[in-house]
Amino acid sequence: MAVAEALIPLIAVIAAAVAFTFTAAQESQAPAPAPSSDGTSIDQGVAYILMLIALVLTYLIHSTDMDFTSYKLFSI
């Protein structure tokens, strides 16, 4: 019984030391920086716009020199 009474304060001190260690470690960490654009999303947006312009120009160029009478899509 005397050994158990001696161990209770020792366990309490160890538990308090561990609790203070974890709270001190959490407070010392710096918050994460805010996310910022590194330019790749801007480059990707410009690439999509240029590809869309190329697609429209290709359609316009090829639609003017097509002769629809020579193509028989639905021959009956």
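Quick note: structure is the one above.
Anyway, here's the lowdown on the structure attached to this text. (Residues numbered from 1 in each chain as written. Predicted model: local features only at pLDDT ≥ 70, side-chain atom pairs only at ≥ 80, totals over all residues. Heavy atoms only, no water.)

In this section: the overall build of the protein. Of regular secondary structure, the protein possesses two helices and zero strands. Counting across all 76 residues of the protein, residues that qualify as buried make up 1%. For the protein, the computed accessible surface area is about 7400 Å², with 73% contributed by carbon and sulfur atoms. (Helix = DSSP H or I, 4+ residues; strand = E, 2+ residues; numbered from the N terminus. Buried < 20%, exposed > 50% of the residue type's maximum accessible area, 1.4 Å probe, protein only. Areas by Shrake-Rupley, 256 points an atom, 1.4 Å probe, with all protein chains shown as cover.)

This next bit is on a nonpolar patch on the surface. Taken together, the side chains of I42, V46, I49, L50, L52, I53, L55, V56, L57, Y59, L60 and I61 present a nonpolar region at the surface, about 1200 Å² in accessible area. Relative to the assigned elements, I42 resides in helix α2 (residues 40-64). (Patch = residues over 30% accessible without salt bridge, like charges linked within 9 Å, V, L, I, M, F, W, Y side chains within 5 Å. Salt bridge = Lys/Arg side-chain N within 4 Å of Asp/Glu carboxyl O.)

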